[in-house]
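Listed here are the chains, written in short residue letters.
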Number of protein chains: 2
Amino acid sequence: MSEQLFTHINKFSAISPEDFNRISSFFEFEKISKKQVLIEAGSFCNQNFFVLKGCLHLYFTNEKGVERTVQFAIDNWWMTDNLAYLGQTKTGFTIQAVEDTQLLSISFEKQEQLLKEFPQLERYFRIMYQIAYGSSLMKMKYLYDFSKEEIYFHFTEHFPEFAQRVPQYLIASFLGLTPEYVSEIRAKKRS
Amino acid sequence: MSEQLFTHINKFSAISPEDFNRISSFFEFEKISKKQVLIEAGSFCNQNFFVLKGCLHLYFTNEKGVERTVQFAIDNWWMTDNLAYLGQTKTGFTIQAVEDTQLLSISFEKQEQLLKEFPQLERYFRIMYQIAYGSSLMKMKYLYDFSKEEIYFHFTEHFPEFAQRVPQYLIASFLGLTPEYVSEIRAKKRS
């Protein structure tokens, strides 16, 4: 299971199999059921998750009680509320499984210890967050630049894996659209 | 000048003054005039900037010719198009000075060399991007959750330094609002 993390790390930073044996001991393997909540809004955010197989989403609930997804994580992605995790504070987001998911989890304290023992992992995480940050600015560009219809079709064309796996109402939420609107433009395209 | 970067790095990762002497030799000091363009949309993104004093913004121009700002950088912030920088590809964004700015710049090749020579800087950059990524998800939350009026007043209350330094039309652009709308709600608040 953790071989997958080993392969992923080695794409960005060289780690020996011997070191990885020790590295993997910092992580817990977890099997999560669809809809299971990993971290709830209002609680301390003390965990970081690496998805092996499955899908998580990070969402908040607005004043009207509507859930809005701001991020997904599928196979080989990391997920936590990074600001709350770094600052060891309460989070305003909930992290929940979108489908049955297998993941590796690590606590903040253990991750700090891990990075102290294997500083070469800093490079791996630096590149992960640099990509995530760069991607979030691209998403901002699409949100500002595209019509609602363009946003939806751009997303489903460029990220077909998401479009197939993630329920339509969550994709709508992630793109700032209503599920009704998405049904409408999909019907229009089919006709 | 580069003492400011030394202090900033040392908040997150321990660097000796001797090491920093060598580290600072990787950077170029630049004085940029207001409105000067550092990287232009369509060109290769080969530079990363650390703002010492001043303000940069990263924007794109949409089909209608309207400039939309997606990120600002003031004193002690880093700025580049991280996806284009990491992949060494052309960028769709322009980076321009909002006011007269003093900065340190580094090329991608030099930064890679720097990180090889001083791997302890990986920790510093990892935390920088983790904060930036976490913050961008918070911005997404505000964009989805708040009314246009709330977005504007939340931003000006929480980031007064920006509100004072950055022209209103750029703040409007950054928040996905029109300058006319911002004038309107400011007048309403004053009355």
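Here the structure is a predicted model, which means the values were calculated and not measured.

A. Examining the interface of chain A and chain B more closely. Residue-level contacts link 41 residues of chain A with 41 residues of chain B. Applying the counting rule to chain A against chain B returns eight salt bridges. The salt bridge partner of E122 of chain A is R126 of chain B, with a shortest N-O separation of 2.8 Å. Contributions of two or more residues to the side of chain A that touches chain B are made by β4 (55-61), β5 (67-74), α3 (82-87), α4 (108-117), α5 (121-145) and α8 (168-174) of chain A. Of all the elements, α5 of chain A adds the most residues to the side of chain A that touches chain B, at 21 residues.

B. Region of interest: the UniProt feature "domain: Cyclic nucleotide-binding" (unreviewed entry) in chain A. This chain's UniProt record puts "domain: Cyclic nucleotide-binding" (unreviewed entry) on residues 11-123 of chain A. Annotation note: span residues 11-123 of chain A, helix share 24%, strand share 38%, distance between end C-alpha atoms 11 Å.

C. Looking closely at the domain arrangement of chain A. Residue and element names in this part refer to chain A. Under the domain assignment used here, chain A contains domain 1 (2-132) and domain 2 (146-191). Each of domain 1 and domain 2 has a C-alpha centre, and the two are 26 Å apart. If you look at the interface, domain 1 gives 15 residues, while domain 2 gives twelve residues. A combined buried area of about 1,100 Å² lies between domain 1 and domain 2, and 60% of that area is made up of carbon and sulfur atoms. Contact with domain 2 buries surface across domain 1, with T69, F72 and I74 losing the most and accounting together for 47% of the total. Here domain 1 and domain 2 share two salt bridges between them. A salt bridge links R165 to D75; its shortest N-O distance comes to 3.3 Å. At the surface where domain 1 touches domain 2, the tally comes to five residue pairs in polar contact (both at pLDDT 80 or more).

The rules behind the values
Residues numbered from 1 in each chain as written. Chains lettered and ligands numbered in written order. Predicted model: local features only at pLDDT ≥ 70, side-chain atom pairs only at ≥ 80, totals over all residues. Heavy atoms only, no water. Contact = heavy atoms within 4.5 Å. Salt bridge = Lys/Arg side-chain N within 4 Å of Asp/Glu carboxyl O. Helix = DSSP H or I, 4+ residues; strand = E, 2+ residues; numbered from the N terminus. UniProt positions renumbered as here; feature names shortened; annotations may be inferred. Domains from an automatic or database assignment. Buried area = accessible area lost by both parts, 1.4 Å probe. Polar contact = N/O pair within 3.5 Å; in protein donor to acceptor, adjacent residues only side chain to side chain.

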